[in-house]
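Coordinate inspection notes
Take a look at the letters that make up each chain.
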Amino acid sequence: DKAPLSKSLLLVPSAISILLTLLFQHYQKFFAYNVQAVKEDFQIWRLVCGRTICLDLKDTFCSTLLIYNFRIFERRYGSRKFSSFLLGAWMLSALFDLLLVEITQYIFGITINSLPSGFLGPVFALFVPFYSSIPRVQVTQVLGHFSITNKSLVYILGLQLLTSGSYIWILALSGLISGICYNSSMLKVHRILCVPRWVAKIFSWTLEPVFSSAEPTNEVRVGMGATVDIQRQQRMELLDRQIMMSQVAQMRRQRQQQGGMINWNRLFPPLRHRHNANYQDHPSEQGIPPPTEVSEEQVARLMEMGFSRGDALEALRASNNDLNVATNFLLQH
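Per an unreviewed UniProt entry, the recorded name for the protein is Ubiquitin-associated domain-containing protein 2, and the organism is Pheucticus melanocephalus. According to its UniProt record, the protein has this under Subcellular location (unreviewed entry): "Membrane".

Looking now at the UniProt feature "transmembrane region" (unreviewed entry) in the protein. Under the UniProt annotation, the feature "transmembrane region" (unreviewed entry) is placed at residues 6-24, 85-108, 114-132 and 153-177. From the first C-alpha to the last, residues 85-108 spans 32 Å; its make-up is 100% helix and 0% strand. Between the C-alpha atoms that bound residues 114-132 the distance is 32 Å, and the span itself is 63% helix and 11% strand.

Once that is clear, we can look at the nonpolar core. Across soluble globular proteins, nonpolar side chains show a tendency to be buried alongside one another. Core analysis: the largest hydrophobic core is formed by 45 residues, its most contacted members being Leu-66, Phe-70, Phe-73, Leu-86, Leu-115 and Leu-161. Sorting the residues of this core by element identifies helix H1 (4-22), helix H2 (35-40), helix H4 (57-77), helix H5 (79-108), helix H6 (120-125), helix H7 (127-133), helix H8 (152-162) and helix H9 (168-183) as the ones contributing at least two each. Residues in contact with Phe-73, not counting those within four places in the same chain, are Gly-78, Phe-82, Leu-126, Pro-129, Phe-130, Ser-133 and Ile-134. Within the second largest apolar cluster, 12 residues are counted, among which are Val-294, Leu-302, Phe-307 and Leu-323.

Estimated volume of the second largest pocket: approximately 800 Å³. In terms of lining residues, the second largest pocket is bounded by 26 residues, among which Leu-5, Leu-9, Ser-83, Phe-203 and Leu-207 are the most central. Elements with a minimum of two residues in the lining of the second largest pocket: H1, H5 and helix H11 (197-206). For the lining of the second largest pocket, the element with the most residues is H1, which contributes seven residues. Split by residue class, the lining of the second largest pocket holds 17 nonpolar, five polar and four charged.

Conventions we followed
- Residues numbered from 1 in each chain as written.
- Predicted model: local features only at pLDDT ≥ 70, side-chain atom pairs only at ≥ 80, totals over all residues.
- Heavy atoms only, no water.
- UniProt positions renumbered as here; feature names shortened; annotations may be inferred.
- Helix = DSSP H or I, 4+ residues; strand = E, 2+ residues; numbered from the N terminus.
- Core = buried A, V, L, I, M, F, W, Y, C linked by side-chain atoms within 4.5 Å.
- Buried < 20%, exposed > 50% of the residue type's maximum accessible area, 1.4 Å probe, protein only.
- Contact = heavy atoms within 4.5 Å.
- 1 Å grid on protein atoms, 1.4 Å probe; cavity = no way out; pocket = protein on both sides within 12 Å on 5 of 7 lines; lining within 4 Å.
- Points joined across faces, edges and corners; volume = space filled by probe spheres on them.
- Nonpolar A, V, L, I, M, F, W, Y, C, P; charged D, E, K, R; others polar.

What follows is the structure, encoded as structure tokens:
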């Protein structure tokens, strides 16, 4: 619930970026990521300033949204381990930035003087644990072939950030390489580039009281969600089902008051009084259509509303797998 480091990375660099863009434009030159100045003039301080604050508001917006989605790692591993990953990825990506600039100049003959500024290397590095450790859950499908998952929006934001500049692919590649190196158990980089405990305690005393928030006590936990976000999503799904049930009940009362309620028995016989013996009494009767294939997903949705499996199967078969018709019938009978 707290995630103080993620909140500080959301608020502080974004506020500085907005101030530099709107009010203090003459100070932007100190935060430019000038690679040639680092190599030729040994302006090492540009590796700190130029790789912390974004000078493009579009990059600021996309990186902020990505950090907001990646805060799950701080909640999962703790602030110290999360800050150690960011520190290691930030230092490794600075080295890989310079190497990729030299490789590009040597192979393609392209001289790169400056790169997009901002905290972009560690942001791209977080895609490595996001891809490997966050489960992929399908949400829906587009045109019946393209799956939309819980991770699709994050990848779309990454592509949007990747297309924001001409040489940002260097930062993305160096960030991914640094994330792979830090996560690799063979290289043991995480044992070298880590935040000491005393530094973590100092920042916990200073940052945590400012950016932390209390655990939500007025929210009742629903389901078995591993994180607060999943539990809130389950709660919203439960509220959606309750709203749908109340709307259906209200429509039923209005039809009864108006005297125009649909006689479902005309469409198909009462399902709750149907017996299997009816099918056995006339085994040789011709013209009886084969039973309709029933979707298990729709059966599960009806069972979540409180109906039994047998009633859900019969209602879906009789309504030709129309979930709305089956739901209305089960509510009215």
